[in-house]
Amino acid sequence: MMIKLIVGLGNVGAEYKDTRHNAGFWFVDALCDKFGITLTHDKKFHGSVGRGTIYGQDVRLLTPDTFMNRSGMAVAPLAKFYNIAPHEILITHDELDISAGSLRLKKGGGHGGHNGLKDIVPHIGADFWRLRVGIGRPAHSSQVSGWVLSKPTSDDHISIDKAIDCSIDALELLIKGDEQKAISLANGFKLPT
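Just so it is clear, the model here is predicted, and its values are computed rather than measured.

Our next topic: the overall build of the protein. Helices and strands together make up the secondary structure of the protein, namely six helices and seven strands. In the protein, the order of α-helices and β-strands from amino to carboxyl end is β-α-β-β-β-α-β-β-α-β-α-α-α. The globule rule puts the C-alpha radius of gyration for 193 residues at 16 Å, and the 15 Å found for the protein is close to it. Its C-alpha atoms give the protein principal-axis dimensions of about 45 × 35 × 30 Å.

Turning our eyes to something else, we now look at the side chain of Asn-22. With respect to the helices, strands and loops of the structure, Asn-22 is situated in the loop between β1 (5–8) and α1 (23–35). Setting aside chain neighbours within four positions, we find Asn-22 in contact with Leu-9, Gly-10, Asn-11, Tyr-16 and Lys-17.

Moving on, we come to the nonpolar core. Core analysis: the biggest nonpolar cluster contains 38 residues, and Ile-6, Phe-27, Ile-54, Leu-61, Leu-90 and Leu-105 have the highest contact counts within it. For this core, the elements supplying multiple residues, two or more each, are α1, β4 (57–64), β6 (103–107), β7 (129–134), α4 (144–148), α5 (154–175) and α6 (179–187). Grouped together as the second largest cluster of nonpolar side chains are 19 residues, Leu-5, Leu-9, Ile-124 and Phe-128 included.

Attention now goes to the sheet that holds strand β3 (residues 47–54). In spatial order, the strands read β2-β3-β4-β1-β5-β7-β6; together these seven strands make up an open sheet with mixed pairing. Either end of the sheet is taken by a strand with one partner, and the two such strands are β2 (40–42) and β6. The sheet shows a mean angle of 25° between the axes of neighbouring strands, taken without regard to direction. Sheet topology places β1 next to strand β5 (residues 89–95); four bridges connect them, and they run parallel. Bridge assignment links Gly-8 to a residue of β5, and that residue is Thr-92. In the packing of helix α2 (residues 72–81) onto the sheet, the strands contacted are β1, β3, β4 and β5, and the crossing angle to β4 comes to about 150°. Its contacts with the sheet put α5 on β1, β3, β4, β5, β6 and β7, and the angle it makes with β7 is roughly 160°.

Moving on to the packing of α5 against α6. One way to put it is that α5 packs onto α6 with a least axis distance of 7 Å and a crossing angle of 170°. Overall, the two elements α5 and α6 adopt an arrangement that is roughly antiparallel. On α6, the residues that touch Cys-166, Asp-169, Ala-170, Leu-173 and Leu-174 of α5 are Glu-179, Lys-181, Ala-182, Leu-185 and Ala-186. Counted by class, the contact of α5 with α6 contains seven nonpolar, no polar and three charged residues.

This part covers the layout of surface pockets. Estimates place the volume of the largest pocket at around 310 Å³. Put simply, the parts of the chain that give the lining of the largest pocket at least two residues each are β5 and α4. The element best represented in the lining of the largest pocket is α4, accounting for three residues. Its residues assigned to classes, the lining of the largest pocket shows five nonpolar, nine polar and four charged. Estimates place the volume of the second largest pocket at around 160 Å³.

A side chain with one charge may pair with a side chain of the opposite charge, provided their charged atoms come close. Counted under the stated rule, the structure contains eight salt bridges. The shortest N-O distance in the salt bridge between Asp-178 and Lys-181 comes to 4.0 Å.

Reading the values: the criteria
- Residues numbered from 1 in each chain as written.
- Predicted model: local features only at pLDDT ≥ 70, side-chain atom pairs only at ≥ 80, totals over all residues.
- Heavy atoms only, no water.
- Helix = DSSP H or I, 4+ residues; strand = E, 2+ residues; numbered from the N terminus.
- Rg over C-alpha atoms; globule rule 2.2 N^0.38 Å.
- Contact = heavy atoms within 4.5 Å.
- Core = buried A, V, L, I, M, F, W, Y, C linked by side-chain atoms within 4.5 Å.
- Buried < 20%, exposed > 50% of the residue type's maximum accessible area, 1.4 Å probe, protein only.
- Pairing = 2+ DSSP bridges.
- Axes fitted to C-alpha atoms, helices over the stretch in contact; angles between N-to-C directions.
- Parallel < 35°, antiparallel > 145°, perpendicular 65-115°, else oblique.
- Nonpolar A, V, L, I, M, F, W, Y, C, P; charged D, E, K, R; others polar.
- 1 Å grid on protein atoms, 1.4 Å probe; cavity = no way out; pocket = protein on both sides within 12 Å on 5 of 7 lines; lining within 4 Å.
- Points joined across faces, edges and corners; volume = space filled by probe spheres on them.
- Salt bridge = Lys/Arg side-chain N within 4 Å of Asp/Glu carboxyl O.

Given below as structure tokens:
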């Protein structure tokens, strides 16, 4: 099992930096902090790119600057240039359908209505790994766009940060080839009560 590219989805710009929709960016930022990786903007890949050793594996990191609904424009050229197959890619994104502080890790599947994934699948297919970071859902569906583009409460932010810490442990298992244990750890993560 090789993960060669980790992508965090989000929107660039100071006004989006701390919004729920940027949970994928937060995951990549956490990896950069933990493994001493620096991201630099690369025009040809429409995003910020870094490279480093994560749990013994040479991995590239990408945060697209195309905005969420054009994420495939960044992922596809980088994957093609470095000859990285879809099953060697982990895409991390926010997820409305699970509570803040919950995670879901799986390989393949549909886009689940997520605009970032909707744009990536036509470019590279659906056979990539997804790490969904729960941000919870507002009371009414009419509030969804405002919800994802607003900042989480401080309690929710703490919960999301704890989930991201857990997901980095799950990533170690995934990179070391223990896919089932990685899935169990991420999907079974529960915040202490």
